[in-house]
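As a plain string of letters, each chain reads:
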Amino acid sequence: MSTELSLVIVNRCIYFKPSPLGHPPATCLYPILRHPPSIFAYNYYVCHYLSLPSFTTSDQILLFPYIISCTTQYLPTNRSYRKVFLHSTMFRGIRALHTSAASLAEKKVSLSFRKEAKGFVKRSKGPGNHKNFINVSSTTLLKKSESHLPDLKPQNLTKNVVTNFPNDSVKALHHLGSFRKGQFNEAFSRPVSLVRDATIRLEKILQKALTTDSTNTRIAIIGESGVGKTTTLAQFQSMAKSHKAIVFAINNADNFVDGSSDFGPSALDTVEYRQPMVTRKLIKKFFKANKDELNIPLTEDIKFATVKSFGERKGKQQDLAFKAKENTLFDVLNHAVHYRGDLSHCLHFTFSQLSASNVPVFLTVDNFTAFTQNPITAYRDTKNNRIYFDRFEIPSLILRYIRGDDKFNKGGVLISSSGKHKSNDTLSVALGDKSYEPYAKFGDFDRKLAATLQNLEKFEVPSLNKEEVGSLLQYYLDQGIIHNEKTDEINFESFRDNKFFYSSGNPRELLKSCTLNYY
Amino acid sequence: MLRVSNLSRRLGVGSLGRFVTSPLLQKTPVQIFRFNSSQNKDVYDLWIQSIQELRKELNDKPWIPEVSLAPPGQARADMRDTSHLQWQPTQEQLEQIAELKSKPIPLKNDPLIEHCTNLIMKDGLKYKANQYLSKALYLVFLQKRKDPVELLRGCLDSLGPLCSTKTMKTGFAKNVTVPVPLSTRQRNRLAFKWILEGSDKRASKDFSVRLAEEIISVIDGKSSGFEKRSLMHKQAALHRAYLKLK
């Protein structure tokens, strides 16, 4: 039985829909398959419409691998995403590629850790939460304890005092994603942090950066896994917000290299590829977190082209323009967060406006070691070669500010390493911790990136000392989160020494030993 | 005779362990080039010579730590000597020892937690089992904001059956079912096994989440384990006639 279909490509998605045309023979397809490039040379702004002659079901099978091989380079490279794509409703009017019983079977699920649980038995979905531990603990609405702590204010920082993030900045930090899962924030009524020596040092850096341009403040926060780099960065962001500075936070650099989001060719001359979904998310977060500080008059005009939805053909094209001196950056971003089209030009416009203004601006990048660990990303180009990360818009933008090609009139750039990435010589050599090894392989040392990162100043976050462990433990005891010790009987000093020894001054290990250690 | 400590000193190396920081690693390419030149040939000779000496020492005689670790100018080291530690307990520490002597040594682990961990444990992976239980108890704490160990103790106490039934052989044609009381450990075991059964029917793929939810449902009195408990009690009450009271 023949099926009449036409192929439509809209925004990198493929749709099939029935066609009322006749039934030309299946062989008509073969010339198209042999000379395919014209089909897929599409413009990503314009919906490319293409009608194919109808073909039989057996021809679909011939055509499908070809379509997939041509389009997957513009799709997420993560295997599970691809699978979702292939099984999704994007393919309409045609049966899925895999319809065997094996592909329809439920994914095997590990049963409980009980002795009696045998094998992987298919079971019906029962009551309760379907999430895993980390998501349940961080997202479920839980009964919170109350605490009255001083706020983290840059004016009065006292060492070894546990502080709240102040009200005026905590909402912005939530928007920016500065608080992570797995930080045990759920155990307390709101995120807390300890004022450490590193906090006071950062505050001095902040004071200097508020009056000088960003080339004078380019900091790399480093330290061992779980030592509090992300928290220190959050403290910096909070203090910057207290000074009415603008913070552009990228809280996970992995998003740019791991292939988890879509990408396509960029319309800009300076870079080759754009990542539309990540750009959109970043702009949204930035706008929400900095609404109060964005009343900056524009120095240039910017235009947003009208984007029509599929099938909408009538009506005149009406572009929306924001004019210099008349509008502010707030107006532009307020429009951008609801805009359906490409936002790459808006992101670059925002950065150029921020660079031109006199408001202090801080660009912070967490998990920056994603770039040193995976400089060759999971994305592939049209020749099936993996793409170097600086060919993407946002990573290249970050590098420009680190290198000093672009700068803010006031402010700085802060990057933070992550303990989850393998240690690599690139950052260590760039910061002067290690000597240069000429025979190091590319996987161990990226010379090009190291040359850029040489501009950064090292800022090390050390482990906690005994006094800091003591003040944290005292707070945990007050909050009643320690249950594995008989707290009324213990000698506090020996208890503190004990915890200090076992955690070796690592805040994450300290919290784990208090909360996830019942014996 | 070459000693281990002497070797490291002669080579200018901190220790001979895994973390040897060779001066070679600190050199720039130009310095390495210079280092490789004939001027430094004697440095290599020193290495080879030292290794040969050490190998000879270890091969010729059995390993005697007293001899090999002796300080320079001394034939044998006194291994029992602790004078170099120069440590004496303070008066306060002595008082603390005296005070603690009268007290019993506290238990290392909570017996209940130990028991539950063992019930969860599979293939001897005790640490993993304890991690599951700890995560579950943390989730219980987040929901209830009370000491989760005490909550678990309470819920096992409320869920555990008081008595069970046992089939006794009479020696005649008919066997009889006799109610028997259960010890605390037996009660806890049954109760926790019912909790595990209940947790298996829940949705999450994470065992600790399922376990936490089931513990919370027991605390709230909604668990299916309570039906099993009452069934067991009814069974025992039915056969109360066979009780032998001495």
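Quick notes on the rules
Residues numbered from 1 in each chain as written. Chains lettered and ligands numbered in written order. Predicted model: local features only at pLDDT ≥ 70, side-chain atom pairs only at ≥ 80, totals over all residues. Heavy atoms only, no water. UniProt positions renumbered as here; feature names shortened; annotations may be inferred. Phe/Tyr/Trp six-rings, centres within 6.5 Å; stacked < 30°, edge-to-face > 60°. Helix = DSSP H or I, 4+ residues; strand = E, 2+ residues; numbered from the N terminus. Buried < 20%, exposed > 50% of the residue type's maximum accessible area, 1.4 Å probe, protein only. Lys NZ or Arg CZ within 6 Å of the ring centre and 35° of its normal. Axes fitted to C-alpha atoms, helices over the stretch in contact; angles between N-to-C directions. Parallel < 35°, antiparallel > 145°, perpendicular 65-115°, else oblique. Contact = heavy atoms within 4.5 Å. Core = buried A, V, L, I, M, F, W, Y, C linked by side-chain atoms within 4.5 Å. 1 Å grid on protein atoms, 1.4 Å probe; cavity = no way out; pocket = protein on both sides within 12 Å on 5 of 7 lines; lining within 4 Å. Points joined across faces, edges and corners; volume = space filled by probe spheres on them. Patch = residues over 30% accessible without salt bridge, like charges linked within 9 Å, V, L, I, M, F, W, Y side chains within 5 Å. Areas by Shrake-Rupley, 256 points an atom, 1.4 Å probe, with all protein chains shown as cover. Salt bridge = Lys/Arg side-chain N within 4 Å of Asp/Glu carboxyl O. Lys, Arg positive; Asp, Glu negative; His and termini not counted. Charge placed at Lys NZ, Arg CZ, Asp CG, Glu CD. Pairing = 2+ DSSP bridges. pLDDT = per-residue confidence, 0-100. Left-handed = near helix turned anticlockwise from the far one by under 90°. Nonpolar A, V, L, I, M, F, W, Y, C, P; charged D, E, K, R; others polar. Polar contact = N/O pair within 3.5 Å; in protein donor to acceptor, adjacent residues only side chain to side chain.

Labelled according to an unreviewed UniProt entry, chain B appears under the name Small ribosomal subunit protein uS7m, originating from Komagataella phaffii. Among the UniProt annotations of chain B, the heading Sequence similarities (unreviewed entry) holds the following wording: "Belongs to the universal ribosomal protein uS7 family." Check the Subcellular location (unreviewed entry) section of the UniProt entry for chain B; it says "Mitochondrion".

In the annotation of an unreviewed UniProt entry, the entry for chain A reads Small ribosomal subunit protein mS29, and the organism field reads Komagataella phaffii. Quoted straight from UniProt, the Subcellular location (unreviewed entry) entry for chain A says "Mitochondrion".

Asker: Looking at this structure, I do not really get the packing of aromatic side chains. What am I missing?
Answerer: Each aromatic ring pair is summarised here by two numbers: the centre-to-centre distance and the angle between the ring planes. All names here are of chain A. On inspection of all chains with the given rule, the structure shows 27 aromatic pairs over all chains. Their ring planes at 35° and their centres at 6.4 Å tell us that Phe-256 and Phe-371 sit as a pair that is tilted. Residue Phe-256 is located in helix α10 (residues 254-257), and its partner Phe-371 is located in helix α14 (residues 369-373); the two are separated by 115 residues in the primary sequence. Both residues of the pair, Phe-256 and Phe-371, belong to the buried class. Between Phe-304 and Phe-322, the ring centres sit 5.9 Å apart and the planes meet at 90°, which makes this aromatic pair edge-to-face. Placement of the pair is Phe-304 in strand β12 (residues 302-304) and Phe-322 in strand β13 (residues 320-322), with a sequence separation of 18 residues. In this structure an aromatic cluster arises from ring pairing among Phe-248, Phe-286, Phe-351, Tyr-401 and Phe-408. Across the ring face of Phe-459, the terminal group of Arg-201 is positioned such that the distance to the ring centre comes to 4.4 Å.

Asker: Help me understand the packing of helix α7 (residues 126-144) of chain B against helix α8 (residues 148-159) of chain B in this model?
Answerer: Residues and elements named next belong to chain B. Axis separation between α7 and α8 bottoms out at 9 Å; the angle between their running directions is 95°. It follows from the interaxial angle that α7 and α8 lie roughly perpendicular. Within the contact between the two elements, α7 uses Leu-137, Val-140, Phe-141 and Lys-144 and α8 uses Pro-148, Val-149, Leu-151 and Leu-152.

Asker: Just to check I follow, could you spell out the nonpolar core for this structure?
Answerer: Nonpolar side chains in soluble globular proteins tend to end up buried together. By size, the foremost hydrophobic cluster in this structure holds 59 residues, and its most contacted members are A:Tyr476, B:Leu152, B:Phe192, B:Ile195 and B:Leu211. For this core, the element with the highest residue contribution is α7(B), accounting for 10 residues. Residues A:Val257, A:Phe286, A:Ala336 and A:Leu449 belong to the second largest nonpolar core, which totals 57 residues.

Asker: Just to check I follow, could you spell out empty space enclosed by the protein for this structure?
Answerer: If you roll a probe as big as a water molecule over the atoms, it shows you where there is empty space left. Residues and elements named next belong to chain A. Counted by the stated rule, this structure contains 5 cavities of 30 Å³ or more. Along the walls of the largest cavity sit Gly-177, Ser-178, Arg-180, Thr-230, Leu-233, Ala-234, Gln-237, Ala-249, Ile-250, Asn-251, Thr-364 and Asp-366, which together make up its complete lining. Among the elements of the structure, α9 (229-242) and β9 (246-250) are those that each provide at least two residues to the lining of the largest cavity. A total of 4 residues in the lining of the largest cavity trace back to one element, the largest contributor, which is α9.

Asker: Even after reading the chapter, I still don't get the side chain of B:Glu214, so can you show me in this structure?
Answerer: By the secondary structure assignment, B:Glu214 is in helix α10 (residues 207-219). Ignoring anything within four residues of it in the chain, the contact list for B:Glu214 reads B:Ile195, B:Gly198, B:Ser199, B:Arg202 and B:Ser223.

Asker: What am I meant to see in a negative patch on the surface here?
Answerer: Negative charge collects at one region of the surface, where A:Glu493, B:Glu92, B:Glu95 and B:Glu99 lie side by side. Of all the elements, helix α5 (residues 91-101) of chain B adds the most residues to the negative patch, at 3 residues. Summarising the element assignment, B:Glu92 is placed in helix α5. By relative accessible area, which is 63% here, B:Glu92 ends up exposed.

Asker: What exactly am I supposed to notice about the sheet that holds strand β8 (residues 218-222) of chain A here?
Answerer: All names here are of chain A. Strand order in this open sheet of 5 strands is β9-β14-β17-β8-β18, and the pairing throughout is parallel. Looking along the sheet, the strands with just one partner apiece sit at the ends: β9 and β18 (457-460). Taking the axes of each pair of neighbouring strands and ignoring which way they run, one obtains an average angle of 20° across the sheet. Contacting β8, β14 (361-365), β17 (411-416) and β18, helix α8 (residues 197-209) crosses the sheet at an angle of about 150° to β18.

Asker: What is the right way to read the confidence of the model for chain B from this model?
Answerer: Low pLDDT marks regions whose predicted coordinates should not be analysed in detail. On average, chain B scores 82 in pLDDT, and the residues at 70 or more come to 83%. Contacts for the low-pLDDT stretch residues 1-27 of chain B, under 50 throughout, to residues beyond four places or in other chains number 39 contacts.

Asker: Where do I start with the packing of helix α6 (residues 111-120) of chain B against helix α9 (residues 184-200) of chain B in this structure?
Answerer: A packed helix pair is summarised by two numbers, namely the angle formed by the two axes and the spacing between the axes. Residue and element names in this part refer to chain B. Where α6 meets α9, the closest approach of the two axes is 10 Å, and the angle between their N-to-C directions is 50°. Taken together, the axes of α6 and α9 are oblique relative to one another. In this structure, α6 crosses over α9, and the sense of that crossing is right-handed. Here Leu-112, His-115, Cys-116, Leu-119 and Ile-120 of α6 lie close against α9, whose contacting residues are Arg-185, Asn-188, Arg-189, Phe-192 and Leu-196. Considered class by class, the residues forming the contact of α6 with α9 number 6 nonpolar, 2 polar and 2 charged.

Asker: Explanation requested: a nonpolar patch on the surface in the structure shown.
Answerer: Residue and element names in this part refer to chain B. Where nonpolar side chains cluster on the molecular surface, the patch consists of Tyr-44, Trp-47, Ile-48 and Ile-51 and spans about 360 Å² of accessible area. Within the secondary structure, Ile-48 sits in helix α3 (residues 41-60). Note on Ile-48: relative accessible area 47%, which makes it partly exposed.

Asker: What is the right way to look at a positive patch on the surface in this model?
Answerer: Residue and element names in this part refer to chain A. Together, Lys-171, Lys-284, Lys-288 and Lys-291 make up a region of like positive charge exposed at the surface. Structurally, the position occupied by Lys-291 is in the loop between α11 (276-289) and β12. On the basis of relative accessibility, which here comes to 39%, the residue Lys-291 falls in the partly exposed class.

Asker: Could you clarify how one ought to interpret the side chain of A:Asn185 in this entry?
Answerer: All names here are of chain A. Tracing the backbone shows Asn-185 in the loop between α7 (167-176) and β7 (192-194). In this structure Asn-185 comes out as buried when scored by relative accessible area, which is 17%. At 3.2 Å, the side chain of Asn-185 forms a polar contact with the side chain of Gln-183. With sequence-adjacent residues up to four places away left out, Asn-185 is seen in contact with Phe-179, Arg-180 and Pro-191.

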